Amino acid sequence: MAQAATVIPALNERPIKNTICLFDVDETLTPARRSATPEMLQTLSALRHKVAIGFVGGSNLVKQQEQLGAPSIPVTSLFDFCFAENGLVAYRMGEPLASHSFIGWLGEEKYKKLVNFCLRWIADCDEVPVKRGTFVEFRNGMVNVSPVGRNASMEERAQFEEFDNKAEVRKRMVEALRKEFPDYGLTFSIGGKISFDVFPRGWDKTYCLQHVLAEKERPDGVDYKTIHFFGDKTSEGGNDWEIFSDPRTIGHSVTGPEDTMKQLKEVFGV
Ligand code: M1P
């Protein structure tokens, strides 16, 4: 993919005009928290010769670099558009775009109350099988909250996921947060396996579309009239739902990376 990236056509010279494909990351391009396969990277490279491509993930760019890039290959060189944290952190052709911050939007006082409530709730929740570290991960565009902690190992992640499928700790915690902070204007989104994301209403994955649609304002910019989105959490309540069902996109629901490749072959012949 890195070699092919050096010869890709300019955005306004891609053979299939005015078209972009956006992808969720976990369980769409890669298994959750794991790396993309060489086959997937090859498919994306072939696709990039036909249309513009981008990813839009809830995680931060560091994790997307680990999953999609390589030590010597920046992920920002592999996609035309990289939208980390739902597009709150955005790169276009390797260059950063303007970003907005969660803390700037919410303010320190409200943020402190929110975090204190989360930490108390987790401390009082005895049923979680094990607790590790980093129960609240502060990101630029959101906060990620995990009752087991983001330091959990792969095995502990799987254990928590199985436990939470029955216990619904995250679901109950989100209900408690909604009740406690009804006037904060926040969305709570259970998109992964051990955590949930907290961000201002509207800062879901549709946030990234403003960057895509702003392309036409650039000199020689492309007016993206066809925006495909591929994701696995496309049912209502999933963190792909809003962008999947947005009238500006054509949504594709996938069951995993293999299915994404299958659908790309059907639609684009790559
Ligand atoms: O991309 C989906 C989610 O992936 C992670 O969730 P978890 O660690 O719970 O599986 C997080 O990075 C989360 O922010 C993200 O939405």
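Residues numbered from 1 in each chain as written. Predicted model: local features only at pLDDT ≥ 70, side-chain atom pairs only at ≥ 80, totals over all residues. Heavy atoms only, no water.

**Thoughts on empty space enclosed by the protein**
By the definition in use, this model includes one cavity of 30 Å³ or more. Quantified by volume, the largest cavity comes out at close to 320 Å³. What lines the largest cavity is a set of 26 residues, and nearest its centre among them are Asp26, Arg33, Ser59, Gly191 and Gly192. When contributions to the lining of the largest cavity are tallied by element, the ones reaching two or more residues are helix H3 (61–68) and strand E9 (196–200). (1 Å grid on protein atoms, 1.4 Å probe; cavity = no way out; pocket = protein on both sides within 12 Å on 5 of 7 lines; lining within 4 Å. Points joined across faces, edges and corners; volume = space filled by probe spheres on them. Helix = DSSP H or I, 4+ residues; strand = E, 2+ residues; numbered from the N terminus.)

**Let's talk about helix H6 (residues 154–167)**
Residues that lie three or four places apart on an α-helix share one face, since the helix turns once every 3.6 residues. Across its 14 residues, H6 extends 20 Å between first and last C-alpha, which sits within 8% of the 20 Å expected from 1.5 Å per residue. Of the positions making up H6, those classed as buried are Glu156, Arg157, Phe160, Phe163, Asp164 and Ala167. Looking straight down H6, one finds that the buried residues subtend no more than 135° of arc, so they occupy a single side. Of the exposed residues in H6, the ones pointing more than 90 degrees away from its buried face are Glu155, Glu162, Asn165 and Lys166. Directly after H6, the chain includes Glu168, whose backbone phi takes a positive value near 55°. (Expected span 1.5 Å × (residues − 1). Buried < 20%, exposed > 50% of the residue type's maximum accessible area, 1.4 Å probe, protein only. Arc of directions from axis to C-beta.)

**Some words on the UniProt feature "binding site: Mg(2+) 2" (unreviewed entry) in the protein**
Here the UniProt feature "binding site: Mg(2+) 2" (unreviewed entry) sits at Asp232. By the secondary structure assignment, Asp232 is in the loop between strand E10 (226–231) and helix H9 (241–245). (UniProt positions renumbered as here; feature names shortened; annotations may be inferred.)

**A look at the packing of helix H2 (residues 38–48) against helix H10 (residues 257–268)**
Where H2 meets H10, the axes come as close as 11 Å, and the angle between the chain directions of the two elements is 25°. Classified by the interaxial angle, the pair formed by H2 and H10 is roughly parallel. Pair H2 / H10 crosses with left-handed handedness. Contact residues: H2 offers Glu39, Met40, Thr43 and Leu47, while H10 offers Pro257, Thr260, Met261, Leu264 and Phe268. A breakdown of the residues in the contact of H2 with H10 according to their chemical character gives six nonpolar, two polar and one charged. (Axes fitted to C-alpha atoms, helices over the stretch in contact; angles between N-to-C directions. Parallel < 35°, antiparallel > 145°, perpendicular 65-115°, else oblique. Left-handed = near helix turned anticlockwise from the far one by under 90°. Contact = heavy atoms within 4.5 Å. Nonpolar A, V, L, I, M, F, W, Y, C, P; charged D, E, K, R; others polar.)

**As for the layout of surface pockets**
Estimates place the volume of the largest pocket at around 230 Å³. Taken together, Glu161, Asp164, Asn165, Glu168, Arg170, Lys171, Ile190, Gly192, Lys193 and Lys233 form the lining of the largest pocket. Ranked by residues supplied to the lining of the largest pocket, first place goes to H6 with three residues. In the lining of the largest pocket, the residues fall into one nonpolar, two polar and seven charged.

**Looking at the pairing of strand E2 (residues 52–56)**
Of all five residues making up E2, five are buried, and the element is well covered by its neighbours. Neither face of E2 is exposed, since Ala52, Gly54 and Val56 on one face and Ile53 and Phe55 on the opposite face are all buried. By the bridge criterion, four bridges tie strand E1 (residues 19–23) to E2 in an arrangement that is parallel. Residue pairing for E2: Cys21 is matched across the bridge by Ile53. In terms of handedness, the path from E1 via H2 over to E2 forms a crossover that is right-handed. Looking at chain direction, E2 and strand E3 (residues 81–84) are connected through three bridges and run parallel. (Pairing = 2+ DSSP bridges. Right-handed = clockwise from strand over helix to strand, strands pointing away.)

**What about the side chain of His228?**
Residue placement: His228 occurs in strand E10. His228 sits in the buried class, given a relative accessible area of 9%. A distance of 2.8 Å separates polar atoms of two side chains, one belonging to His228 and the other to His252. With residues up to four places along the chain from it excluded, the contact list for His228 reads Thr19, Ile20, Cys21, Leu22, Ile250, His252 and Phe268. (Polar contact = N/O pair within 3.5 Å; in protein donor to acceptor, adjacent residues only side chain to side chain.)

**Digging into the sheet that holds strand E4 (residues 89–92)**
With mixed pairing, the seven strands of this open sheet are ordered in space as E5-E4-E3-E2-E1-E10-E11. Across the chains shown, the open sheet's two edge strands, defined by having one partner strand only, are strand E5 (95–96) and strand E11 (250–253).

**With respect to the site of the ligand**
Inspection of the region around the ligand gives 14 residues, with Ser59, Arg150, Arg157, Ser195 and Asp197 positioned closest. For the ligand, an oxygen atom lies 2.6 Å from a polar atom in the side chain of Ser195. In this structure, Asp197 approaches the ligand through a side-chain N or O atom, which is 2.5 Å from an oxygen atom. Contact with the protein chains hides 97% of the accessible area of the ligand, taken as 390 Å² for the molecule alone. Judged by the fraction of its atoms near the pocket grid, the ligand is located in the largest cavity. Residues of the shell around the ligand, tallied by class, amount to one nonpolar, six polar and seven charged. (Near = heavy atom within 4 Å. Areas by Shrake-Rupley, 256 points an atom, 1.4 Å probe, with all protein chains shown as cover. Sits in = over half its atoms within 2 Å of the grid points.)

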